Amino acid sequence: MQTKACTVCGEVKPLDQYRKYSGRGRLGLRPLCKVCQREYEKTWRSNSTEARKAARAKRSQKTEIYSREYRAKNRAAYLISECRRRSQKRGIAFDLDAHVTQIQERISKATCEVSGIALALEAAPGRAYNTPSLDRIDPSKGYVYGNVRIVAFAVNAMLGDWGEDVAMSIINQWLQNKA
């Protein structure tokens, strides 16, 4: 029976008392016996828990910041990918992949193509009323380049649920009440 001495406790033990360590050592076994290895891992886990939590939190913050910056720089690609997903889900026409640069240029103008309000292009967390959004002029035609316009999120929500006629009647009534 072959044996080996543990580098921690110094005891000579049979080889089945050691874990495999592929590519290492003459016998391909760890230098620590299973008991010492377990104790080492237990100590390491208890000592590194806080460090791992801190590293995880830091990574999470960096990922969030990177994601916001990426979405701000590539707003068109981000909006188009969401439109692609919705069009596949609903089975409607889609051809915006060929028009990413044109859509990004339209977004960069930072103006809603319906209301004229300024669009918020900075990478703020969450969704605001004036973030850019893609609106289908005629919902039956799908997401094709000639059928989309860059609008504020609030405008898109209003038009998407009720259409331009209802939106205009509400706005006109509102303006009359204000006067």
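For the structure given in this document, a descriptive report is provided here. None of the values given here were measured: they were computed from a predicted structure.

### Observations concerning the overall build of the protein chain
Thinking step 1. A count of helices and strands for the protein chain gives 4 helices and 6 strands.
Thinking step 2. Reading the helices (α) and strands (β) of the protein chain from amino to carboxyl end gives β-β-β-β-α-α-α-β-β-α.
Thinking step 3. When its C-alpha atoms are laid out on the principal axes, the protein chain stretches across 95 × 35 × 25 Å.
Thinking step 4. Among the 179 residues that make up the protein chain, the fraction classed as buried is 25%.

### Concerning the packing of helix α2 (residues 75-90) against helix α3 (residues 100-108)
Thinking step 1. Their axes nearest at 8 Å, the elements α2 and α3 cross at an angle of 115 degrees. The handedness of the crossing between α2 and α3 is right-handed. Every residue of α3 that contacts α2 at R75, A76, A77, L79 and I80 is listed here: V100, I103, Q104 and I107.
Thinking step 2. Class assignment of the residues belonging to the contact of α2 with α3 gives a composition of 7 nonpolar, 1 polar and 1 charged.

### What about helix α1 (residues 34-73)?
Thinking step 1. Of all the bends in α1, the greatest, near 50 degrees, is centred on S48.
Thinking step 2. All of the buried residues in α1 are C36, Q37 and S48.
Thinking step 3. Where α1 is buried, its residues contact β3 (18-20) and β4 (29-33).

### Describing the pairing of strand β5 (residues 132-136)
Thinking step 1. When you tally the buried positions in β5, you get 5 out of 5 residues, the bulk of the element.
Thinking step 2. On β5, burial covers both faces: P132, L134 and R136 on one face and S133 and D135 on the other are all buried.
Thinking step 3. With 5 bridges joining them, β5 and strand β6 (residues 148-152) adopt antiparallel strand pairing. Bridge pairing in β6 links D135 to R149.

### What to know about a nonpolar patch on the surface
Thinking step 1. Taken together, the side chains of W162, V166 and I170 present a nonpolar region at the surface, about 300 Å² in accessible area.
Thinking step 2. Along the chain, V166 falls in helix α4 (residues 153-178).
Thinking step 3. Under the relative-accessibility criterion, V166 is labelled partly exposed at 34%.

### Side note on the environment of S108
Thinking step 1. Here S108 shows up in helix α3.
Thinking step 2. With relative accessibility at 46%, the residue S108 sits in the partly exposed group.
Thinking step 3. Taking the C-alpha atoms as reference points, S108 and L121, 13 residues apart in sequence, are found 7.9 Å from one another.
Thinking step 4. A distance of 2.8 Å separates a polar side-chain atom of S108 from the backbone oxygen of Q104.

Scoring rules and cut-offs
- Residues numbered from 1 in each chain as written.
- Predicted model: local features only at pLDDT ≥ 70, side-chain atom pairs only at ≥ 80, totals over all residues.
- Heavy atoms only, no water.
- Helix = DSSP H or I, 4+ residues; strand = E, 2+ residues; numbered from the N terminus.
- Buried < 20%, exposed > 50% of the residue type's maximum accessible area, 1.4 Å probe, protein only.
- Axes fitted to C-alpha atoms, helices over the stretch in contact; angles between N-to-C directions.
- Left-handed = near helix turned anticlockwise from the far one by under 90°.
- Contact = heavy atoms within 4.5 Å.
- Nonpolar A, V, L, I, M, F, W, Y, C, P; charged D, E, K, R; others polar.
- Bend = angle between axes of the 7 residues up to and from the residue.
- Pairing = 2+ DSSP bridges.
- Patch = residues over 30% accessible without salt bridge, like charges linked within 9 Å, V, L, I, M, F, W, Y side chains within 5 Å.
- Areas by Shrake-Rupley, 256 points an atom, 1.4 Å probe, with all protein chains shown as cover.
- Salt bridge = Lys/Arg side-chain N within 4 Å of Asp/Glu carboxyl O.
- Polar contact = N/O pair within 3.5 Å; in protein donor to acceptor, adjacent residues only side chain to side chain.

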